[in-house]
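Notes for the structure review
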Amino acid sequence: MERLGRERSGGRIEDGRFLTGRGRFTDDIRPPGLLCAHVLRSPHAHALILAIDTAAAAAMPGVAAILTAADAADDGLGTIPCVSNPRTADGRIQSVVAPPHTVLAQGRARMVGDPVALVVAATPAQARDAAEAVAVAYEAMPAVTDAETAAAPGAPQLWAEAPGNLSFRYAIGDRGAVEAALARAHHVTRLRMAINRVSANPLEPRAAIGDYDRSGERYVLHAPVQTPHQIRQVLAGRIFRVSEHRVRVVVPDVGGGFGMKGGLFREYILVLWAARRLGRPVKWTCERSEAFLSDDHARDNIAEAALALDEEGRFLGLEVRSVANLGAYLSFRGAHSPTNNLGSLSGVYTTPAVHAEVRGVFTNTQPTSPYRGAGRPEASYVIERLIDVAAAETGIDRLEIRRRNCIPPEAMPYRTGLLFTYDSGDFAANMALAAEAADWAGFEARRAAARRRGRLRGIGLANCIEQAGGPFGAPWEERAELRFDPGGGLTVLVGTLSSGQGHETVFTRLVGARLGIDPALIRVVQGDTDLVPFGRGTFGSRTVMTGGSTILNACDKVIEKGRRIAAHLLEAGEGDIAFADGRFAVAGTDRTMALAEVVRAAFSVHRLPPGLESGLDQAATWAPGAPTYPNGCHVCELEVDPETGRVEVLRYLVVDDVGRVLDHALLDGQVHGGVAQGLGQILHENIAYDAESGQLLTGSFTDYSMPRADDLPLIEVRSNEVPTDNNPLGVKGAGEAGTIGALPAVMSAVVDALSPLGIRHLDMPATPERVWRVVREARRRARAGGPDHPAAVGVGGE
């Protein structure tokens, strides 16, 4: 397939409207008769709801309705299901304990921010004022926010149906083989790692407009979701219990999704329900501080891992036991991240035996769900941190220990020690290219120079790999349709959903290159379940692989039908007609016909071959026969100021194998964004709760630190293209690659900078305060241990 590289990109097609304020997001939509909703939320992390008095609030100006859990029960609303349960190695779904995830808290609030009532009024201010007048009588109960504490005996219990707060215990891999490897190992490295809780914080907060067409008895939802057809299916079948054609989901422009917007949230149901009851459209728009209380959070697990090595530093087995914090409810995709991407624990290595066990635990916190990488960054972090510590303990260079264990390209296809079968990749080449480009060999001179300036310099490296395009056992087919108008214009309808990635640009250029059509004549339509009959949406680095391959299928069907029409008009045999650069030609002659002429002819029945239907429109579906495995190597170089704990990232380099690169500029943008989010988690971001009260302590950007532009260096992206045969384009996926490599690479560099102080591991986030405290403690130990202590050779200080 022809590349759509930098030389052809000329900027993203979408950017014109976004940069000039012509984007159309959910909150920009204002249908006639619009009412505004405000959600009254629990101020307690755990409390019985004894009574709700709405009388005073209902009498306030502009108030149209106040709805509670009792109203929802009376109207028979269903509960939000978990649609991404753990799967066994052979693809079977494992059962979980999923307590009722009701649209409003019923009898008990189980987290700060739990919705208790919906207030609908003429204006947002009136709805907010009325919500403050709703009197709720609570009886506070003990709360627990930490997963390990929640799983311990005597912890406060959230759900009667989940004793010990346990939703599931999931295990996969060969436990016996791993135990044998640990028993015979020359060396075993053990490490406990905390992967902290974060929030997605997309640029556009969530919003929803619910409407109800009484004449057609149809629900219409406008919301920035990533999987509109699945949302329609669940709204129809599980929430309102109507046939699917009676629900329409419309997704306008979306300002960032990152997996979080793949969920079905309570507010989406509430506005539809209120619209049906009131006969008017109802809008809810999330404010930024409310987002910390209403959005799903992400990550938040504790892993204890052990890596067995032989005398030469070759990996024999890997064992990982983790506890995942699910929050107060099992969210729409709540079981997915802790369980369904554990295959990434194998990394790019020949480890013959891997076993993983996960406990999913309820706590009095916001539910967790997928966030860029959805379990892959966590798995990559575990194995790469473990390897760094193993290298330090065995005295083997960090690069060398990875070289000894890398899967060689000639071994492809390679069945890993856990779940995955890699089809292609040259992992050692990624690492060699990255080390050379980063001048790994010259680092010690730069470290010494930094030491003379009173700085601690570190360099970190991480190999990463992920599964993209579809998990085992799940159907990930996609659909696309091409519709021509008589003037030659083309509308491309796709079931994927862009939330800022540049899909319109990629699909337009893909179709333009395949059919030889001017991109100005191409329009891409997405996100309306009435216009696009089917689609899987966007998640899991799948869009170009599945959506792009489906579009190619549709293009090829257009060409085939066009060949029949051209052969008829050119009075030649179909076998003599070739197509290239937008023209049909009779082989061996100068007789040609442009696709645009064939399109016009297709609308005139008398110009078509007998029996051929008019029009050139075509629809196609495509499903991957196997996943792809994007992979790469990240190198991060940084300095730590030991007096303040501040970390300054100086250089960041990525060598990526995402298969065939269609557009380098768009690829760079995806990797840059992913690296920023991974770096943000390692150095800045952290959701924190008060352990006793369960109150959220990081409820705004004042307390929740986000990375800024000056926290990031120039990120260099290089490609080591190893195309896959698993799809017609040869692409592997790129949307999550930056985050997957960034978590372990940045922490590797931080720990390397602190290693002269005798520090072998540090839990995220490596904030200035945490780093400063670690440095102070290392110096204290150095003073107590005398001149032979490792910290004695580090940067001096108090």
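Numbering of residues begins from 1 in every chain and follows the order in which that chain's sequence is written. Owing to the predicted nature of the model, reporting of local features is limited to residues with pLDDT of at least 70; listing and counting of side-chain atom pairs is limited to 80 or more, with chain, interface and lining totals taken over all residues. To get the side-chain values, all heavy atoms of the structure are used, and hydrogens and water are removed first.

**What about the overall build of the protein chain?**
For the protein chain, the count of helices and strands is 21 helices and 28 strands. Radius of gyration: over C-alpha atoms. The globule rule applied is 2.2 Å multiplied by the number of residues raised to the 0.38 power. Taken over the C-alpha trace, the protein chain has a radius of gyration of 28 Å; the compact-globule value for 798 residues is 28 Å, and the two agree within 12%. Seen along its three principal axes, the alpha-carbon backbone of the protein chain occupies a region of about 95 × 80 × 50 Å. Burial status follows relative accessibility: with a 1.4 Å probe on protein chains alone, a residue under 20% of its type maximum counts as buried, one over 50% as exposed, and anything between as partly exposed. Here the protein chain holds 798 residues, and the buried ones make up 61% of them. Sequence separation of 24 or more characterises 80% of the internal contacts of the protein chain that already satisfy a separation of 6 or more. To be clear on the numbers: accessible area is Shrake-Rupley with a 1.4 Å probe, and residue cover counts the displayed protein chains and nothing else. Of the roughly 29,100 Å² of accessible surface on the protein chain, 50% is carried by carbon and sulfur atoms. Charge assignment: positive for Lys and Arg, negative for Asp and Glu; neither His nor the chain ends contribute. Positions of charges follow a simple convention, taking NZ of Lys, CZ of Arg, CG of Asp or CD of Glu. For the protein chain, the centre of its 84 positive side-chain charges and the centre of its 94 negative side-chain charges are spaced 1 Å apart. We count a stretch as a helix when DSSP gives it H or I for four or more residues in a row; a strand needs E for two or more, and each element gets its number in order from the N terminus. Any two residues having at least one pair of non-hydrogen atoms within 4.5 Å are treated as being in contact.

**A closer look at unusual backbone geometry**
The amide bond that connects Met412 to the next residue, Pro413, takes the cis arrangement and shows omega of -5 degrees. Inspection of the secondary structure puts Pro413 in the loop between helix 13 (398-405) and strand 16 (414-415). The amide bond that connects Met764 to the next residue, Pro765, takes the cis arrangement and shows omega of -5 degrees. Along the chain, the position of Pro765 falls in the loop between helix 20 (737-754) and helix 21 (768-785).

**Notes on the confidence of the model for the protein chain**
When pLDDT is averaged across the protein chain, the result is 94; 96% of the residues are at 70 or more. Scored below 50 in pLDDT, residues 792-798 makes 20 contacts in the model with residues more than four places away or belonging to other chains. Per residue, pLDDT captures the predictor's confidence, and it can take any value from 0 to 100.

**Points about the state of the cysteines**
Cysteine sulfur atoms that pair up within 2.5 Å are treated as a disulfide. One pass over the structure, following the stated rule, counts 0 disulfides. Its sulfur unpaired, Cys464 is 7.6 Å from the next cysteine sulfur, which belongs to Cys633. Taking relative accessible area as the criterion, Cys464 reaches 4% and is therefore assigned buried. Distance from the sulfur of Cys636, which forms no disulfide, to the nearest cysteine sulfur (Cys633) is 12 Å. Take Cys636: its relative accessible area is 0%, and that puts it in the buried class.

**Points about the sheet that holds strand 27 (residues 647-657)**
Paired strands, as defined in this entry, are two strands with at least two bridges between them according to DSSP. Pairing within the open sheet is mixed, and its 4 strands lie in the order 18-26-27-28. Edge positions in the sheet fall to strand 18 (456-465) and strand 28 (715-719), since each of these pairs with one other strand and no more. Taken pair by pair, the neighbouring strands of this sheet meet at an average axis angle of 15 degrees, ignoring direction. The pairing of strand 27 with strand 28 spans 5 bridges and is classified as parallel. An axis is simply a line fitted to the C-alpha atoms; with a helix, the fit covers only the stretch in contact. Between two such axes, the angle follows the N-to-C directions and lies from 0 to 180 degrees.

**Brief notes about the environment of Pro367**
Looking at the element boundaries, Pro367 is found in the loop between strand 15 (354-362) and helix 12 (376-394). For Pro367, a relative accessible area of 5% puts it in the buried group. When the C-alpha positions of Pro367 and Glu736 are compared, they lie 22 Å apart, and in sequence the two are 369 residues distant. Once you skip the residues sitting within four places of it in the chain, Pro367 turns out to touch Met111, Asp296, His297, Leu326, Gly327, Ala328, Tyr329 and Ser331.

**A look at the packing of helix 12 against helix 20**
At a closest axis distance of 8 Å, the pairing of helix 12 and helix 20 adopts a crossing angle of 30 degrees. Between helix 12 and helix 20, the interaxial angle falls into the category roughly parallel. Where helix 12 crosses over helix 20, the handedness of that crossing is right-handed. Where helix 12 approaches helix 20, its residues Arg376, Pro377, Ser380, Tyr381, Glu384, Arg385 and Asp388 are matched on the opposing element by Thr739, Ile740, Leu743, Pro744, Met747, Ser748 and Val751. Residue polarity is assigned by list, with Asp, Glu, Lys and Arg as charged and Ala, Val, Leu, Ile, Met, Phe, Trp, Tyr, Cys and Pro as nonpolar; anything else, Gly included, falls into the polar class. Its residues assigned to classes, the contact of helix 12 with helix 20 comprises 7 nonpolar, 3 polar and 4 charged. The scheme is simple: roughly parallel for angles under 35 degrees, roughly antiparallel for over 145, roughly perpendicular for 65 to 115, oblique for anything else. For any pair of crossing helices, the crossing counts as left-handed if the nearer helix is rotated counterclockwise from the farther one by less than a right angle, and right-handed if it is rotated clockwise.

**Thoughts on the packing of aromatic side chains**
The rule is short: rings of Phe, Tyr and Trp, with Trp giving its six-membered ring, pair when the centres are within 6.5 Å, and they are stacked under 30 degrees, edge-to-face over 60, tilted in between. Enumeration according to the criterion identifies 13 aromatic pairs in this entry. With 4.6 Å between their ring centres and 50 degrees between their planes, Phe579 and Phe584 make a pair best called tilted. No difference in accessibility class separates Phe579 from Phe584, as the two residues are buried. Aromatic ring contacts, followed pair by pair, group Phe420, Tyr422, Phe427 and Tyr629 into a single cluster. In this scheme, the term charge over a ring applies when either NZ of a lysine or CZ of an arginine sits within 6 Å of the ring centre and within 35 degrees of the ring normal. In this arrangement the basic side chain of Arg542 is found over the ring face of Phe539, its NZ or CZ atom lying 5.3 Å from the centre.

**Some thoughts on the pairing of strand 3 (residues 63-68)**
Across the 6 residues that make up strand 3, a large majority, 5, are buried. In this sheet, strand 5 (residues 115-121) lies alongside strand 3 in antiparallel orientation, the contact comprising 5 bridges. Bridge pairing links Ala65 to Val120 in strand 5.

**Considerations on helix 14 (residues 427-437)**
Buried within helix 14 we find Phe427, Asn430, Met431, Ala434, Ala435 and Ala437. In an axial view of helix 14, the angular spread of the buried residues amounts to 170 degrees, which keeps them on one side of the axis. Those residues of helix 14 hidden inside the fold are in contact with helix 13, strand 17 (421-422), strand 18, strand 26 (631-640), strand 27 and strand 28. Phi turns positive, to about 50 degrees, at Asp439, one or two residues after helix 14. To be clear, the arc concerns the directions from the helix axis to the C-beta atoms.

**Regarding the side chain of Ser541**
Its place among the elements puts Ser541 in the loop between strand 21 (522-525) and helix 17 (543-570). Given a relative accessible area of 12%, Ser541 falls into the buried group. Within 3.5 Å is the distance limit for a polar contact, defined as a pair of N or O atoms, with the added protein rule that one can donate a hydrogen and the other accept it, and that residues adjacent in sequence qualify only through two side-chain atoms. Only 2.8 Å separates the side chain of Ser541 from the side chain of Glu736, close enough to count as a polar contact.

**Concerning the sheet that holds strand 6 (residues 135-140)**
Here we have 3 strands laid out as an open sheet, ordered 4-2-6, and antiparallel in their pairing. Bordering the open sheet on either side are strand 4 (108-109) and strand 6, each of which pairs with just one other strand. Pairing geometry for strand 2 (residues 47-53) and strand 4, over 2 bridges, is antiparallel. Counterpart to Ala47 in the pairing with strand 4 is Ala109.

**Notes on the nonpolar core**
Across soluble globular proteins, nonpolar side chains have a tendency to be buried as a group. Among the nonpolar cores identified, the biggest contains 113 residues, and Leu345, Leu638 and Leu754 are the most heavily contacted of them. A total of 10 residues in this core trace back to one element, the largest contributor, which is helix 20. Setting aside its immediate chain neighbours within four residues, Leu754 contacts Leu456, Val640, Ile759, Leu762, Val771 and Val775. Think of a nonpolar core as a cluster: buried Ala, Val, Leu, Ile, Met, Phe, Trp, Tyr and Cys residues, connected wherever their side-chain atoms sit within 4.5 Å. Counting residues in hydrophobic clusters, the runner-up holds 56 residues, among them Ala37, Val103, Ala236 and Ala298.

**Some details on the pattern of salt bridges**
Any carboxyl oxygen of Asp or Glu within 4 Å of a side-chain nitrogen of Lys or Arg constitutes a salt bridge here. Overall, the coordinates contain 58 salt bridges when judged by the stated rule. Its salt-bridge partner being Asp556, residue Arg514 comes within 3.1 Å of it at the nearest N-O pair. With Arg514 in helix 16 (residues 503-515) and Asp556 in helix 17, this pair connects stretches of sequence that are 42 residues apart. Relative accessible area serves as the criterion here: at 27%, Arg514 is assigned to the partly exposed category. One salt bridge in this structure joins Lys732 and Asp657, with 2.7 Å as the shortest N-O distance. Residue Lys732 is found in the loop between strand 28 and helix 20, and its partner Asp657 is found in strand 27; the two are separated by 75 residues along the sequence.

**Brief notes about helix 18 (residues 595-602)**
Residues Leu595, Val598, Val599, Ala601 and Ala602 constitute the buried set of helix 18. Mapping the buried residues of helix 18 onto a view down its axis gives an arc of 165 degrees, with all of them on the same face. Buried positions along helix 18 lie against strand 19 (478-484), helix 16, helix 17, strand 22 (577-580), strand 23 (583-586) and strand 24 (592-594).

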